[in-house]
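So the chains spell out like this:
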Amino acid sequence: MWEDADAEFIANARTDLPRLLAAIRAVEEVHQKRGASWPHNGGVFVCGADGAIWPCPTIRALTNAFECDR
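For the structure given in this document, a descriptive report is provided here.

**Here we look at the environment of Val-30**
Item 1. Inspection of the secondary structure puts Val-30 in helix 1 (residues 4-30).
Item 2. Along the sequence, Val-30 and Asp-50 sit 20 residues apart, while their C-alpha atoms lie 9.3 Å from each other.
Item 3. Once residues within four sequence positions are removed from consideration, Val-30 is found in contact with Gly-48 and Ala-49.

**Description of a nonpolar patch on the surface**
Item 1. A contiguous nonpolar patch, built from Trp-2, Phe-9, Ile-10, Leu-17 and Leu-20 and spanning about 590 Å² of accessible area, is present on the exposed surface.
Item 2. Here Leu-20 shows up in helix 1.

**Some details on the packing of helix 1 against helix 2 (residues 57-66)**
Item 1. Where helix 1 contacts helix 2, the axes come no closer than 10 Å and their chain directions differ by 140 degrees. With respect to each other, helix 1 and helix 2 are oriented oblique. Note that helix 1 runs across helix 2; the crossing there is left-handed. Counting all contacts with helix 1, which are made through Ile-24, Val-27 and Glu-28, the residues of helix 2 involved are Thr-58, Ile-59, Leu-62 and Phe-66.
Item 2. Of the residues contributing to the contact of helix 1 with helix 2, the split by class is five nonpolar, one polar and one charged.

**Examining the state of the cysteines**
Item 1. In this structure the tally under the stated criterion is zero disulfides.
Item 2. Take Cys-47: it sits in no disulfide, and the sulfur closest to it among the cysteines is that of Cys-56, at 3.6 Å.
Item 3. Residue class for Cys-56 comes out buried when judged on its relative accessible area of 0%.

**With respect to the nonpolar core**
Item 1. Counting residues in each nonpolar core, the largest one holds five residues, listed as Ile-24, Cys-47, Cys-56, Ile-59 and Leu-62.
Item 2. What Cys-47 contacts, discounting residues up to four positions off in sequence, is His-31, Gln-32, Ala-52, Trp-54 and Cys-56.

**Digging into helix 1**
Residues lying three or four places apart along an α-helix face the same way, a consequence of the helix completing one turn every 3.6 residues.
Item 1. Here helix 1 is 27 residues long and its end C-alpha atoms lie 37 Å apart, about the 39 Å a rise of 1.5 Å per residue gives.
Item 2. The axis of helix 1 is deflected most strongly, by about 65 degrees, at Ala-13.
Item 3. Residues of helix 1 that are buried include every one of Ala-13, Ile-24 and Glu-28, and no others.

Rules used throughout
- Residues numbered from 1 in each chain as written.
- Predicted model: local features only at pLDDT ≥ 70, side-chain atom pairs only at ≥ 80, totals over all residues.
- Heavy atoms only, no water.
- Helix = DSSP H or I, 4+ residues; strand = E, 2+ residues; numbered from the N terminus.
- Contact = heavy atoms within 4.5 Å.
- Patch = residues over 30% accessible without salt bridge, like charges linked within 9 Å, V, L, I, M, F, W, Y side chains within 5 Å.
- Areas by Shrake-Rupley, 256 points an atom, 1.4 Å probe, with all protein chains shown as cover.
- Salt bridge = Lys/Arg side-chain N within 4 Å of Asp/Glu carboxyl O.
- Axes fitted to C-alpha atoms, helices over the stretch in contact; angles between N-to-C directions.
- Parallel < 35°, antiparallel > 145°, perpendicular 65-115°, else oblique.
- Left-handed = near helix turned anticlockwise from the far one by under 90°.
- Nonpolar A, V, L, I, M, F, W, Y, C, P; charged D, E, K, R; others polar.
- Disulfide = S-S within 2.5 Å.
- Buried < 20%, exposed > 50% of the residue type's maximum accessible area, 1.4 Å probe, protein only.
- Core = buried A, V, L, I, M, F, W, Y, C linked by side-chain atoms within 4.5 Å.
- Expected span 1.5 Å × (residues − 1).
- Bend = angle between axes of the 7 residues up to and from the residue.

Right, dumping it as structure tokens:
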């Protein structure tokens, strides 16, 4: 039996899912791997957005949510 929430999800999926994917891609665009060639960091890759060791917590969270390797 369909619930009201199911019907609402299905009705909005055509617009909500592309917007969600665009938001994820925007986050990935900001959180890029940087730095192996930078002499001052000892060859360590860091996130261009927050300076955390790569992969940064944001990219790890996305990767874990989708259970994929990047």
